[in-house]
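# Fold and contact review
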Amino acid sequence: MPKCVIDGREVEFAPGENLVEVAKRAGVNIPVFCYHPGLSVVAQCRMCAVEIEKMPKLQTACSTAATEGMAVKTQSERAIKNQKSIMEFLLLNHPLDCPICDKSGECDLQDQSYDYGSPYSRMTEEKRTYIDLDMGPVIVKNMNRCIHCTRCIRYGEQIAGIHEMVAIRRGNDTEITTIDGKPLQTAYAGNYADICPTGSLTLKDFRFKKRVWLLKRTATVCEGCARGCAMEAHAENNIVYRCVARENLEVNQYWLCDEGRFNFHYLHETDRVVEPAISSASGLVITEWKAAVDAAKATLKGRKALALIGSDLTQEEAKDIQEFIGKSFPGAPLLHFGTPGIHSAREDADEDKILKRKSKTSNLHGFEKLGLKGFESVPSGTEAVIVFRGGRAMLPKLPTLPTVGVGVFKKQEADKFATVLPGAAFAEKSGTIVNFQGREQKLVRAILPPGKSKALSEILMIWSHA
Amino acid sequence: MLVKGKKTLFQDFYFFETLTGMIITLKEFFFGTKVTISYPEERRQYSERLRGQHYIKATNGVENCTACMLCPTVCPSECIHIEAGERQDKEKYPKTFEIDILRCCFCGMCEEACPKDAIKLSTIMEMSTSYRPIYDRAFLSEQRGNK
Ligand code: SF4
Ligand code: SF4
Ligand code: FES
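Note that this is a predicted model, so its numbers are computed, not measured.

Each value, and the rule that gives it
Per chain, residues are indexed from 1 in the order of the written sequence. Numbering of ligands from 1 and lettering of chains from A proceed in the order in which they are written. It should be noted that, the model being predicted, local features are given only for residues of pLDDT at least 70 and side-chain atom pairs only at 80 or more, the latter also being counted only at that level, while totals for whole chains, interfaces and linings use all residues. Hydrogens and water are ignored here; the side-chain numbers use all heavy atoms of the structure. Note on aromatic contacts: the rings of Phe and Tyr and the six-membered ring of Trp form a pair at centre separations within 6.5 Å, being stacked when their planes are under 30 degrees apart, edge-to-face when over 60 apart, and tilted otherwise. Think of it in three bands: residues with accessible area under 20% of the maximum for their type are buried, residues over 50% are exposed, and the middle band is partly exposed, with areas taken using a 1.4 Å probe on protein chains only. Two limits define a charge over a ring: the Lys NZ or Arg CZ must be within 6 Å of the ring centre, and within 35 degrees of the ring normal. Nearness of a residue to a molecule or strand requires only that one of the residue's heavy atoms be within 4 Å of it. Each residue is assigned to one of three groups, with Ala, Val, Leu, Ile, Met, Phe, Trp, Tyr, Cys and Pro labelled nonpolar, Asp, Glu, Lys and Arg labelled charged, and all others, Gly among them, labelled polar. An automatic or database domain assignment supplies the start and end points of every domain. Residue contacts are counted whenever heavy atoms from the two residues lie within 4.5 Å of one another. Buried area: the sum, over both parts, of the accessible surface (1.4 Å probe) that disappears when the two are put together. A pair is scored as a salt bridge if a Lys or Arg side-chain nitrogen falls within 4 Å of a carboxyl oxygen belonging to Asp or Glu. Think of a polar contact as two N or O atoms within 3.5 Å of one another; within protein, one of them needs to be a possible hydrogen donor and the other a possible acceptor, and neighboring residues in sequence only count if both atoms come from side chains. Put simply, buried Ala, Val, Leu, Ile, Met, Phe, Trp, Tyr and Cys residues joined by side-chain atoms within 4.5 Å make one nonpolar core. The helix and strand labels rest on DSSP assignments: H or I over at least four residues marks a helix, E over at least two residues marks a strand, and numbering proceeds from the N terminus. A pair of strands is labelled paired if DSSP reports no fewer than 2 bridges between them. Note on patches: the residues involved have over 30% relative accessible area and no salt bridge, like charges join within 9 Å, and the nonpolar side chains Val, Leu, Ile, Met, Phe, Trp and Tyr join within 5 Å. To measure how exposed things are, a 1.4 Å probe is used in the Shrake-Rupley method; for residues, cover is taken only from the protein chains shown. For every element, the axis is a line fit to its C-alpha atoms; helices are fit only across the contacting stretch, and the angle between N-to-C directions ranges from 0 to 180 degrees. Should an angle lie under 35 degrees it is considered roughly parallel, over 145 roughly antiparallel, and from 65 to 115 roughly perpendicular; all remaining angles are considered oblique.

In the structure shown here, the tally under the stated rule is 14 aromatic pairs over all chains. Each ring, one from A:Y254 and one from A:W255, has its centre 5.8 Å from the other, and the planes form 70 degrees; the classification is edge-to-face. The exposure class assigned to A:Y254 is buried, which follows from its relative accessible area of 16%. Summarising the aromatic geometry, the rings of B:F15 and B:F16 are spaced 5.6 Å apart at their centres and angled 75 degrees between planes, so their arrangement reads as edge-to-face. Aromatic rings pair up to connect A:Y155, A:Y192, A:Y254 and A:W255 into one cluster. Its guanidinium or amino end placed over the ring of A:Y188, A:K356 lies 5.9 Å from that ring's centre, counting from NZ or CZ. Its end group placed over the ring of B:F139, B:R144 keeps NZ or CZ at 4.2 Å from the ring centre.

To continue, consider the site of ligand 1. Neighbouring ligand 1 are 13 residues; A:C146, A:C149, A:T150, A:C152 and A:C196 lie closest to it. For the shell around ligand 1, a count of residues per class yields eight nonpolar, four polar and one charged.

Before going further, it helps to spend a moment on the domain arrangement of chain A. Residue and element names in this part refer to chain A. By the assigned domains, chain A splits into domain 1 (3-91), domain 2 (94-110 + 125-210) and domain 3 (277-465). Relative placement of domain 1 and domain 2: their C-alpha centres are 26 Å apart. Facing the 13 residues of domain 1 at the interface are 14 residues of domain 2. Carbon and sulfur atoms make up 58% of the area that domain 1 and domain 2 hide from each other, which totals about 1200 Å². Of all residues in domain 1, F33, L39 and L91 give up the largest surface area on contact with domain 2, accounting jointly for 46% of the area buried on that side. Across the contact surface, domain 1 and domain 2 share zero salt bridges. Connecting domain 1 to domain 2 are nine residue pairs in polar contact (both at pLDDT 80 or more).

Next up on the list: the nonpolar core. All names here are of chain A. With 53 residues, the main nonpolar core has I139, Y155, M165, Y192 and L267 as its most contacted residues. Sorting the residues of this core by element identifies α4 (151-160), α5 (190-195), β10 (201-203), β12 (230-236) and β13 (239-245) as the ones contributing at least two each. The element that contributes the greatest number of residues to this core is α4, accounting for five residues. Ignoring sequence-local partners within four residues, the contact set of Y192 consists of I139, C152, Y155, G156, E164, M165, L184, T186 and L201. L313, I321, F388 and L456 belong to the second-largest nonpolar core, a separate cluster that totals 28 residues.

Turning to the sheet that holds strand β5 (residues 90-100) of chain B, a few remarks are in order. Strand order across the open sheet formed by three strands is β4-β5-β7 (chain B), with antiparallel pairing between neighbours. Looking at which strands have only one partner, the edges of the open sheet turn out to be β4 (80-87) and β7 (134-135) of chain B.

All names here are of chain B. A surface patch of nonpolar side chains, amounting to about 830 Å² of accessible area, comprises L9, F10, F13, F15, F16, L19 and I23. Those elements giving two or more residues to the nonpolar patch turn out to be α1 (9-12) and α2 (15-31). Broken down by element, the nonpolar patch gets its largest block of residues, four residues, from α2. For L9, the location among the structural elements is in helix α1. The class of L9 is exposed, set by a relative accessible area of 66%.

This part takes up the packing of helix α7 (residues 289-300) of chain A against helix α11 (residues 456-465) of chain A. Residues and elements named next belong to chain A. Two numbers describe how α7 lies on α11: the axes approach to 10 Å, and their chain directions differ by 70 degrees. Our classification of the angle between α7 and α11 gives roughly perpendicular. In this structure, α7 uses W289, V293, A296, K297 and L300 to contact α11, whose residues at the interface are I459, I462 and W463.

Put into structure tokens, the structure is as follows:
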């Protein structure tokens, strides 16, 4: 492999790799704004300029490919002077509103101003200001904070596949906006907030909910569809406040769809059943675990049972359930459900050209591996049903039979159930899920199950010992 | 090793030592200068930098606070609880602002962290109550300070 020298450290590189990436591997941080590894390179912020031996001028590291024997200085006097000037230039019109900005704490502009900029401003003129524009339900725009890096424009064009953001006017008056001021169309709009290096584009959903430094970050996987995008759940005090994309070049690169990003809201829905409940004349009533498990047993006793299992559960849970059904209800069919119209992994396909898959549950492909079959219709002679579900799988239309629900249900969904034993949803447990590529990925627990809900293994244990 | 001193019985009474102590006490009692005051009839002048009861400073009737959460972040007693909101005249403001004052250790870090000159510790130090008070937004918005 060819080698080059960055700040005196020798690094190997693959031909064609740009200096920012090579330097990162050498442990040298080159500040960038417009460069994003998932987007095309435009080299227009000039923040990354470095000195290269034998070149008369500073070169932008993001657009310069490393070559054999290249000697790069990122901390030379000229490079530092450039960083300082660029910071000052970018901050000329930037408002001093970090205290109210949601990006504050994870903002590239803030961090790099701290590391490379000056604490004083020489600008005495009035700063330019813009009128805010409605960007639709996902994104809030504050144009005053924008540094014209055009990451958002390139993201729309190159990743979301829709050219909806544009830069109008020129120079100091440049404004980033949507075409004709229309709200954003893409179903992947949340990524705009992730890639914007300033607080110019932020999430409406997360607006003013929490300061980012208070959040505990857990690297987990999205359960929104069979792709299983790498995701980070941000929580504080047992409440998930938002989910952001995590890099996984094999699965989702740097992106998440909005459906997956905002899927977590059901965790904290007020109509989620979080206490064991049994049916009565006036609907579900809350009870103790012991009483609920006894009631569930009575419901299924002596009846020919059908077991349904949501393909949003993990491999570990599915194996536990297989074992449990084999022992407690020998001969009962165990069938999986998840997305209407998708009964097997073969029916799962790309829903669009970006990330989404047709199967709206995360573990359909893992269930096939375990030999589970899809649910299509209720076998004749069935007298009772037991449903296991993680919260995301769509309940199929069930006949009016005595039903026991184990897992995450909304009150309306469980209304007709004989018993509900509340379980844990995706952010509340750890386990393995298998995506459509056959890749085993890890769900990691970010928060504890709410109320009296319990992990599935615990519920099954109470069942067998009670 | 403990060495037992050899004392006579007279020495064991500490007669002269006790007497000397008594003389000093009585001299101070009758002729010394007084250091205590009869609080609350009399009051002392405290430093202007005393850190007492909190309030949120307002400018032209609008609170300075923008709910940036730096004070709950820095507070070592974790006694400040803020919820941010949005309203017509102000992009971000504290919808609720509560101080669980019994937890507060009056370190003044909140005041120091505040970028908006909003949270202040006034010089009021008489704040005892017979119940557990939570200072809410309305209470904190009273301009009771001189800082
Ligand atoms: S809105 Fe953000 S991403 Fe778009 S150009 Fe401005 S700073 Fe860059
Ligand atoms: S004075 Fe100290 S302990 Fe009291 S609220 Fe402020 S930061 Fe917290
Ligand atoms: S990051 Fe290289 S010019 Fe912007």
